[in-house]
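Examination of the molecular architecture
One letter stands for each residue in the lines below.
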Amino acid sequence: MTTLDGTRRVRTGRTTTARATAREGGRTEIAALSYYLVGGASLLLLAIGVVMVLSASTIDSIRTTGSPYDGFLGQMTFVLLGLPLAVVASRIPVRWYRRLAWPALLGALGMQMLIFTPLGVEVNGNTNWIEIPGTGQSVQPSEFVKLGLALWLGLVLSRKGRLLEQWRHVLVPGGLGAGAGLGLVLAGHDMGTGLVIVALIGGAFFVAGLPLRWFAGAAVAGAGAAAFLVALKPSRMNRVMSFLGLSEADPSGVGFQTQHGLWGLGTGGISGVGLGASREKWSYLPEAQNDFIFAIVGEELGLLGTLLVLGLLGALAVGMFRVVRRHRDPFVQITTGAVATWILAQSLINIGVVIGLLPVIGIPLPLVSAGGSAMISTLLAIGVVLAFARSEPGAAQALATRGGVVRRSLAVVGRGRRG
C-alpha cells in the first residue's frame, strides 16, 4: 500500500517531468513549425475535400450508376493511393531528389507526349488525357509535368546563382526545359494547366534570383501569347467576352456555370444550408465535385466554411514559404518555391473563377476537388516539401526530440497509473 508521503513524491515528480516536457515540446514545435504547418494544413484540406466530394457527387452518382457513393469511392481510391506515396516521399533524403530530377522531368514529358498517340483522350475540347489500355482508367500527364518541372528547375537553377543575370544562362537549360514542358501542355489545348505551369516557372526563377526586369518582359510576352491562344479557340473567346461583358448576357449558355456557382455561394450565407443540403448539386451546377466544389463548400458550409478553406491554404503557404526562407540549400528553396506557386496559383485561379473574378478555366482546387491525377501529383508534391521541411536547420533534431518527448510522457503517465 502506497504511503501518503510516497504518493506526494510521485505526483511531484510527475509534475516536474510534465513541465520539462512542455518546455522541450515548445522548442520542438517552433523548430519544426514548417513541417507541422504543411502536413497539418494538407491533411485538413484533404479531409474537407473528401467530405465535400461525397456530398457534391451523390446526385450525379445516383443518376449514372444508381449508387450515391460511386464518385466518393473513386475519390477515396486516389486518396488512399496518394497518401502512402506522400509518406514515402516525405522520408526520401534531399540528395535523392537531386538524382531524381532529370528522370522525373523526362518521364513526365514522355507521358505527356503520349497524348499525341492513339492513347490520347479528348475531354471538353482538351486532348490532355491518356487512357490506360484494358483498365478504363485515364491519366492526366500534365499534372506530373508540374512536379517534374519543379524538381528539375530546382536542380538546374540552383547551379546558376549570379549567372542568371546573363540571358544565355537563363535560356539554357532552364528556359528551354520549361518551354518544352509548357509547350507540350499547350499543344493539348489545356490552357488552364498551362497558366499554372507558367506560375510554377515564375516562382522557381524568382526564388533562384532572376532579376526583376526579366519578369516585366515575360509578363508582356505572356499576355500577348495568352491573347493569341484565346483568339485561336472560339469557346475560349466566348468565355472571355462574356466575362468582360462584351457579348450578350446568356445565363443559360456561357454564363450558366458561373451564375449557378455564385447562386450557390450566395445561398449559403454565413453558416450554410447544412452539409449535404446543397441545391446546386442537383445537376444545376456542372462539375460540382470538380472545378466548382468551392461553390458547394460555400453553399453547404457558408462563409465560415469558405474562410476555413482559405485559412488552411494560407497556413500551407506560410509553411512552404518558411521552408524557402529557412533552408540553406538552393535546390530545396527553388523547388519549394515552384511547388508553392503551383498550388497557390491553382487555388487562386480556381476560387477566382467560382466567385466570378476570372473567366471559366477548368482546373481543380488542390486537395479538395475530385480528380485522380491531380490528387496524386499534389500529394506527392506535398510529400517532397515535407521531406525538405524535415531537413531544415534544427528540424530533424526537433522532430526526433518530439518523438522522444511523446514516448517519455506516455511512459511517465503509465508509471503514474501503475503507482
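Residues numbered from 1 in each chain as written. Predicted model: local features only at pLDDT ≥ 70, side-chain atom pairs only at ≥ 80, totals over all residues. Heavy atoms only, no water.

**Points about a nonpolar patch on the surface**
Taken together, the side chains of Ile270, Leu303, Leu304, Leu307 and Leu310 define a hydrophobic patch exposed on the protein surface, amounting to about 470 Å² of accessible area. Mapped onto the secondary structure, Leu307 falls in helix α11 (residues 293-326). Overall, the relative accessible area of 47% leaves Leu307 in the partly exposed class. (Patch = residues over 30% accessible without salt bridge, like charges linked within 9 Å, V, L, I, M, F, W, Y side chains within 5 Å. Areas by Shrake-Rupley, 256 points an atom, 1.4 Å probe, with all protein chains shown as cover. Salt bridge = Lys/Arg side-chain N within 4 Å of Asp/Glu carboxyl O. Helix = DSSP H or I, 4+ residues; strand = E, 2+ residues; numbered from the N terminus. Buried < 20%, exposed > 50% of the residue type's maximum accessible area, 1.4 Å probe, protein only.)

**Topic: the pattern of salt bridges**
Here the structure, examined in full by the defined rule, presents seven salt bridges. Arg63 is the salt-bridge partner of Asp60, the closest N and O atoms lying 3.0 Å from each other. With Asp60 and Arg63 both in helix α2 (residues 33-65) and three residues apart, this pair spans about one turn of that helix. The network of salt bridges with common partners includes Arg322, Arg326 and Glu392.

**Focus: the packing of aromatic side chains**
Think of a pair of aromatic rings as described by two things: how far the centres are apart, and how the planes are tilted against each other in angle. Within this structure, the stated rule accounts for five aromatic pairs. An angle of 85° between the planes, with centres 5.8 Å apart, marks the rings of Tyr35 and Tyr36 as edge-to-face. Note on Tyr35: relative accessible area 18%, which makes it buried. Residue classification places Tyr36 among the partly exposed residues on the basis of a relative accessible area of 31%. Considering the side-chain rings of Phe331 and Phe388, the 5.9 Å spacing of their centres and the 75° angle between planes classify their relative orientation as edge-to-face. With Phe331 in helix α12 (residues 330-354) and Phe388 in helix α13 (residues 372-390), the pair connects residues that are 57 residues apart, well separated along the chain. Among the aromatic side chains, those forming a connected cluster through ring pairs are Tyr97, Phe331 and Phe388. Here the basic side chain of Arg99 rests over the ring of Trp96, its NZ or CZ set 4.7 Å away from the ring centre. (Phe/Tyr/Trp six-rings, centres within 6.5 Å; stacked < 30°, edge-to-face > 60°. Lys NZ or Arg CZ within 6 Å of the ring centre and 35° of its normal.)

**Concerning the environment of Leu379**
Secondary-structure assignment places Leu379 in helix α13. Classification of Leu379 by relative accessible area gives buried; the value is 4%. Residues Leu379 and Ala89, spaced 290 residues apart in sequence, show a C-alpha to C-alpha distance of 9.1 Å. Excluding anything up to four places from it in sequence, Leu379 contacts Leu46, Val79, Gly82, Leu83, Ala86 and Leu367. (Contact = heavy atoms within 4.5 Å.)

**Brief notes about α12**
Along an α-helix, a turn takes 3.6 residues, which lines up residues three or four apart on a common side. Its 25 residues place the ends of α12 36 Å apart at the C-alpha level, agreeing with the 36 Å of an ideal helix rising 1.5 Å per residue. Of all the 25 residues making up α12, 21 are buried; the element is thus mostly covered by neighbouring parts of the structure. Backbone geometry just downstream of α12 places Gly356 in the positive-phi region, at approximately 85°. (Expected span 1.5 Å × (residues − 1).)

**Thoughts on the sheet that holds strand β3 (residues 138-139)**
Reading across the sheet, the three strands line up as β1-β2-β3 and stay open at both edges, with antiparallel pairing between neighbours. Looking at which strands have only one partner, the edges of the open sheet turn out to be β1 (120-123) and β3. By the bridge criterion, two bridges tie strand β2 (residues 126-131) to β3 in an arrangement that is antiparallel. By the bridge assignment for β3, Ile130 is matched with Val139. (Pairing = 2+ DSSP bridges.)

**Concerning the pairing of β1**
When β1 meets β2, the two strands line up antiparallel, connected through four bridges. Bridged to Val123 within β2 is Asn126. Connecting the antiparallel pair β1 and β2 is a turn made up of two residues, with Asn124 showing a positive phi of about 55°.

**Side note on α2**
In this model α2 runs 45 Å from its N-terminal to its C-terminal C-alpha over 33 residues, within 8% of the 48 Å that 1.5 Å per residue would give. The largest bend in α2 is about 50°, located at Ser57. Directly after α2, the chain includes Gly66, whose backbone phi takes a positive value near 90°. (Bend = angle between axes of the 7 residues up to and from the residue.)

**Here we look at the nonpolar core**
Within the largest apolar cluster, 94 residues are counted, with the highest numbers of intra-cluster contacts made by Leu153, Leu157 and Met320. Ignoring anything within four residues of it in the chain, the contact list for Leu153 reads Ser158, Gly174, Ala178, Leu200, Ile201, Ala204, Phe205 and Ile334. (Core = buried A, V, L, I, M, F, W, Y, C linked by side-chain atoms within 4.5 Å.)

**Observations concerning the packing of helix α4 (residues 94-113) against helix α6 (residues 167-187)**
It is the contact of α4 with α6, at a shortest axis distance of 10 Å, that shows an interaxial angle of 20°. Of the possible angle classes, the one that applies to α4 and α6 is roughly parallel. The two elements α4 and α6 meet at a crossing, and its hand is left-handed. On α6, the residues touching Leu109, Gln112 and Met113 of α4 are Gly181, Leu184 and Val185. (Axes fitted to C-alpha atoms, helices over the stretch in contact; angles between N-to-C directions. Parallel < 35°, antiparallel > 145°, perpendicular 65-115°, else oblique. Left-handed = near helix turned anticlockwise from the far one by under 90°.)

**Here's the deal with unusual backbone geometry**
The omega torsion of the bond from Val172 to Pro173 falls at -5°, within 30 degrees of zero and hence cis. Of note in the backbone geometry, His189 takes a positive phi value of approximately 65° without being a glycine. A positive phi angle, near 70°, is found at Leu367, a position not held by glycine. Here Leu367 lies in the loop between α12 and α13.

**Describing the side chain of Ser369**
Along the chain, Ser369 falls in the loop between α12 and α13. Apart from residues lying up to four places away in sequence, Ser369 is in contact with Val53, Gln75, Gln289, Asn290, Ile293, Pro364 and Met375.

**Points about the confidence of the model for the chain**
Residues at a pLDDT of 70 or more form 85% of the chain, whose mean pLDDT is 85. Ignoring residues within four places in sequence, the model shows residues 1-28, a span with pLDDT below 50, making 15 contacts including any to other chains. (pLDDT = per-residue confidence, 0-100.)

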